[in-house]
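# Chains, contacts and geometry: an overview
In case you want the letters, here they are:
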Amino acid sequence: MILYSIVPAEIVFSGADDQPQVKYFEAEYRGEKIIVTETPDRQYKISRLLSTRPSSFLDPLLQPGRAVSKSDLK
Amino acid sequence: MPKDEIRSKLERLMSAQTEQAEQSKETDRINEITELGRMTVSNPRGNIHCLTIIGQIEGHIILPPQNKTTKYEHVIPQLVAIEENTEIEGLLLILNTVGGDVEAGLAIAEMIASMDKPKVSLVLGGGHSIGVPMAVSTDYSFIAPSATMTIHPIRLNGLVIGVPQTYEYFDKMQERVVQFVSKNSGISKDEFRKLMLKTGELANDVGTVLFGEDAVRYKLINEVGGLSDAMNKLYELIEQKRKSKANIIATGGELQ
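A quick note: this is a predicted structure, and the numbers were derived from the prediction, not measured.

Definitions and cut-offs
Residues numbered from 1 in each chain as written. Chains lettered and ligands numbered in written order. Predicted model: local features only at pLDDT ≥ 70, side-chain atom pairs only at ≥ 80, totals over all residues. Helix = DSSP H or I, 4+ residues; strand = E, 2+ residues; numbered from the N terminus. Buried ≥ 20, exposed ≤ 12 C-beta atoms within 10 Å, placed from the backbone. Contact = placed C-beta atoms within 7 Å. Axes fitted to C-alpha atoms, helices over the stretch in contact; angles between N-to-C directions. Parallel < 35°, antiparallel > 145°, perpendicular 65-115°, else oblique. Left-handed = near helix turned anticlockwise from the far one by under 90°. Nonpolar A, V, L, I, M, F, W, Y, C, P; charged D, E, K, R; others polar.

Another point: the environment of Gly126 of chain B. All names here are of chain B. Its place among the elements puts Gly126 in strand β5 (residues 119–127). Exposure remark for Gly126: the 20 C-beta atoms within 10 Å place this residue in the buried category. Put simply, Gly126 and Asn96 are 30 residues apart on the chain and 5.0 Å apart in space, counted from C-alpha to C-alpha. Ignoring sequence-local partners within four residues, the contact set of Gly126 consists of Asn96, Thr97, Val98, Ala147, Thr148 and Met149.

Structure follows, in structure tokens:
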């Protein structure tokens, strides 16, 4: 990967090794496959949307960073 | 219980429900803005979509959380959706970025450049490094007077082997940026390269910092302006597009 940025790479990548352990898993949510992030305090957030339907990427309910509850996941 | 009382109670309950629904809609909208900096604006002059490119452009490696990032794997399908959605007529690209992954930045820039819908960009604060090709990828670009653009060579990071091939490789990588920028703006390849390698401008690097007006003088950006200028230009382009579409339909009718 080539970083082309005015921010030095040391600053961009600082703290990359001591991050809190988050788990990623795949689930189905509102008819689409998503990758969910699970934080240590059991919060669930959409990390990525895995879909080939372009319109889903504009759906406000499927945006990365949105919190989801475990019961809605399949 | 008298009928009137029941009715008034029911009405109150229903109005509370609609209020609640409206409130949750509002929070959804706000969430969308805070999480993604993205929203749709619609009015009779045209239905536009606003995409903000902020912080680092995140590429193939997830950056540590202290970085604010724009994730290319989400932006690219969004651009596809914007292009194919019949209701969206134009794209406003707002940039305030410090640069990032070359491949991801160029991918987004190429996607925007090859879109058929009218698009206008506005650089606020900074459009540095890989932000430069993204800023010039639209039909028309604006820069705020106080905004800056830093143009510098691609730096080496990670393990570097001191052989001539390393230099050649980086020269090639740099050439992709130079080519894209010169193709999509008024600046020539030589001039852009000169700005990249200029000395005496940056404290610890070669390169140039361009202020709003300088960027326009070098023909990198079309015009100095703000939000209203960018919006007006976008609506103007949308109007042109609508007219040319109407013309095609009209002439097509004559042929038959």
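Having seen the model, we can carry on.
This part takes up the packing of helix α5 (residues 164–184) of chain B against helix α6 (residues 189–196) of chain B. Residues and elements named next belong to chain B. Where α5 meets α6, the axes come as close as 9 Å, and the angle between the chain directions of the two elements is 130 degrees. Comparing the axis directions of α5 and α6 gives the class oblique. Relative to α6, α5 is oriented so that their crossing is right-handed. On α6, the residues touching Val178, Val181 and Ser182 of α5 are Lys189, Phe192 and Arg193.

Attention now goes to the packing of helix α3 (residues 102–113) of chain B against α5 of chain B. Residue and element names in this part refer to chain B. For the pair α3 and α5, interaxial distance at closest approach is 11 Å and the crossing angle is 25 degrees. Classified by the angle between their axes, α3 and α5 sit roughly parallel to one another. Every pair of crossing elements has a handedness; the one defined by α3 and α5 is left-handed. Together, Val102, Leu106, Ala109 and Ala113 of α3 and Met173, Arg176, Phe180 and Asn184 of α5 make up the contact between the two elements. A breakdown of the residues in the contact of α3 with α5 according to their chemical character gives six nonpolar, one polar and one charged.

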